[in-house]
Each structure stands twice: as C-alpha cells, then as structure tokens.
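Survey of secondary and tertiary structure
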Amino acid sequence: MKRVIVGLSGGVDSSVAAYLLKEQGYEVIGLFMKNWHDDSVTISDECPWLEDSNDAMLVADKLGIPFQTVDLSVQYKERIVDYMFNDYKKGRTPNPDVLCNREIKFDVFMDIALELGADFVATGHYCRKGTINKDGKAIHQLLAGVDGNKDQSYFLCQLSQAQLAKALFPIGELTKPEVRKIAKAQDLITAEKKDSQGLCFIGKVRLPDFLQQQLKPKEGVIVEVDETLNSYNQSIPKFNSKEDELEYLAKKPEYSLSDGKIVGKHQGAHYFTKGQRKGLAVGGTKEPLFVIETDVEENVIYTGQGKNHPGLLRNVLFVANEELHWVREDLALRDGETMEVLARIRYRQLLEKATLHKVALGLYVEFENKQSAITEGQFVAWYNNDELLGSGVIS
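Heads up: these notes are all about the structure in this document. (Residues numbered from 1 in each chain as written. Predicted model: local features only at pLDDT ≥ 70, side-chain atom pairs only at ≥ 80, totals over all residues. Heavy atoms only, no water.)

This paragraph deals with the side chain of Thr355. Considering the arrangement of structural elements, one finds Thr355 in strand β15 (residues 352-359). In this view, Thr355 contacts Thr338, Met339, Glu340, Tyr364, Val365 and Glu366; residues no more than four positions away in its chain are not counted. (Helix = DSSP H or I, 4+ residues; strand = E, 2+ residues; numbered from the N terminus. Contact = heavy atoms within 4.5 Å.)

With that settled, the discussion passes to the sheet that holds strand β11 (residues 300-305). Taken together, four strands build an open sheet; the order of strands is β9-β8-β11-β10 and the sheet is mixed. Only two strands of the sheet have a single neighbouring strand rather than two, namely β9 (260-266) and β10 (289-295). The mean inter-strand angle of the sheet, taken between neighbouring strand axes irrespective of direction, is 30°. For β10 and β11, the ladder comprises six bridges, and the chain directions are antiparallel. Counterpart to Phe290 in the pairing with β11 is Gly304. (Pairing = 2+ DSSP bridges. Axes fitted to C-alpha atoms, helices over the stretch in contact; angles between N-to-C directions.)

Okay, the packing of helix α3 (residues 73-89) against helix α4 (residues 96-115) next. In the contact formed by α3 and α4, the axes pass within 10 Å of each other and the chain directions differ by 160°. Between α3 and α4, the angle is such that the two are roughly antiparallel. In terms of crossing hand, the pair formed by α3 and α4 is right-handed. Contact with α3, carried on its side by Gln75, Tyr76, Arg79, Ile80, Tyr83 and Met84, involves Pro96, Leu99, Cys100, Glu103, Ile104, Asp107 and Val108 of α4 and no other residues of that element. (Parallel < 35°, antiparallel > 145°, perpendicular 65-115°, else oblique. Left-handed = near helix turned anticlockwise from the far one by under 90°.)

Our focus in this paragraph is the nonpolar core. One finds Phe109, Leu142 and Phe169 to be the most contacted residues of the largest nonpolar core, which totals 50 residues. Among the secondary structure elements, those contributing two or more residues to this core are β2 (27-34), α3, α4, β10, β17 (379-384) and β18 (387-393). Per-element tally for this core: the top contributor is α4, with nine residues. Apart from the residues lying within four places of it in its own chain, the contact partners of Leu142 are Cys127, Arg128, Ser153, Leu156, Cys157, Leu164, Phe169, Val327, Asp386, Glu387 and Leu388. If you look at the next biggest cluster of nonpolar residues, it comprises 27 residues, including Leu8, Leu21, Leu168 and Ala183. (Core = buried A, V, L, I, M, F, W, Y, C linked by side-chain atoms within 4.5 Å. Buried < 20%, exposed > 50% of the residue type's maximum accessible area, 1.4 Å probe, protein only.)

Shown next as structure tokens:
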C-alpha cells in the first residue's frame, strides 16, 4: 500500500484531498505545517495558525488518519520572509505563494514526508499532474486545474521534475463547489470554511504592517507623470537585430522629478508596487492614480492617471538565466530558438499569446498585446494549452 502525506492546512481543499486519497486506497497521514508564530503582526482574531491546526486535527480524526504538526518556522523565516524583505528593499515585488511552494511545501516539507516513508506528497491545489513517456523516460506535466476559476498551476510554476514525480493533486479534476459538496457529505468541519487570503500559512497578515517592522518609514514625494511625456511618444528606432529590438522594448522607462508634478507625499517607496492604486491618498484627479514606477534609491513614487496610462503598459519582459526555470526540461529553448506560448504575469490573469526568445543572457517574453504593470520580482509563467511549461522571475 502506497503511503501519502497530505499537507493539511485546516482548509476545505486539503481536507477533501485527504478524504479522496483514503477512498483511493492509499495509506494517508496528515501533516500540518506551522510556519509562523509571531502573533504581533497577524490581524488579531483572524485565522491564526492555532485554529487552523485544530481544524486540521479534527479532519484527520474524522477521517481516521494519523496526524502531526511540524514546525517549519525557522526555514520559513530564512527562505520566505527574509527573501521578501530583501526583494522589497530592492524595489521588487516578490510572490510569497510561489516561493512557499518551491521552498517549503515541495522542499522542506517533502523531505520530512520522505523521511516518514512517504511515496507521495499531496496538497489541495487546483491543478493536475500528467505523465507522458518520451524516449523511454517518464516525463511529468503540470496541468491547469479543471476549475478555470480556481486554477492554481501558476503558484506551482517553479516545481521541478523531481518534485512533480512525488506530488499528487487529488482535487485537480474537481471544481470548488464539488469540493465543498464532498466535504459537506462527509461532515468535515471545514466544509463551510472561507478560503484563506493572505500569505501562504502566515494567517491574515497585513503586508505593509509586516514589512514596516523591518523597513523603516521614509518620507518621499509622489510625482504625477502626464501621458503626453515626450519619451512615451518617441518613434521606435530601427534595429540591426531582433535581440536589439527586444532589449529596447524590455527596458523600463527611467523617470526623474522633472518629468511630472509633485502631488503628494508617501512614507516609503518600498511599500508600493507597480499598478497599485490604493494607499496613495491623493485626491482631485479626473481618473484614479496608479503607481507606474517606484524609485527606491531616490525614494520617489511615480504615478499616472487611469489604468491605460502608457507608463503602465509594455509588451516585452526579460528573465535572466539564473532565474529561468523549465518544468519541462526536455523542452527548454537553446540560444537563438523561439517558441509560441500562452503566458501570464500574475495569478488569475487570463492567458495571453506570447513568443519566447532565448538569448545568451536569458529569455525575452514578447506579448502580442501590451500588458499592464509588468512588475520586477513577480513570476511570468508560460503554457502550451493547459500545460505549464516553465516560468521565471521578471527582471
């Protein structure tokens, strides 16, 4: 009998994942990951880890499976929290959920599971795994979940073949309403529980409060840049090669104070991210202001009116080689090669047509349509139909 260790988070998805595995005849063990216990930054009563671990325990009890809690807070702090602080300091916007899957759930946690004699590790993610045979070798595919509304393949975009080989996603073929229905039928305590929002396993942390503990407030100015700025309307020069053109188009605009007018003050450029609308507290504009660029060196936030401001829109981005990852290593591009794909630059964004261009230093992703708020530090993921082929950190 194959042994599966399920990451029970205390939510409905992982509860049903455990139930389904048991039905399928696996020997199932539930493990709750405790990744955070600095209660000073969670919002008072909202889902601290205690309540979640208790729910996870009750589900395990109901299903008659062994249960234990593992404390991964040290690794979590080193690998996720510190990484995020560093990224924010550099003016990048990291994605904690993608990191948590790569560094914690499918690495540290997976190691613990394998030590406990597990054949597989399972999670309550809405995605599927496929396996194909190629030249006599098994190759694992990461496929989108059937519920288009809840597909979470993006969050797993950094998984490797070795990690996928040991992973199971029992609810990937189901929709959220179907999952809730199963939980109800089995009388699981998590059946009606709201989906958790907030950092992966930290509970409901207010990100700015969380960051402010480490990143000191520093007053700076908010500048509004008009869409008539000259640099937006320059004609595109002629290029000697496609690579020169891509390099030109992937460059983010550089702004200086003289490019606009000062319209307000902020408490630290590192608290803001591109595309952000809330928290600027500047009124009196015809259309809402959006952050189009943050300069953490000079501590200036550049903004523009409306979500179609030219400062928000670009159609080419770059991923450096060291931040480039192929789930399908067998399909990795060699220098000079291109590939037509569908891609997204954030979770829940609809897939958009794009072309990958591999060059010596990394990979350009050229979208057919302009994308809003391409943000350094976030992940771009590319697909062939519903299979996620690879991803990278936007540089």
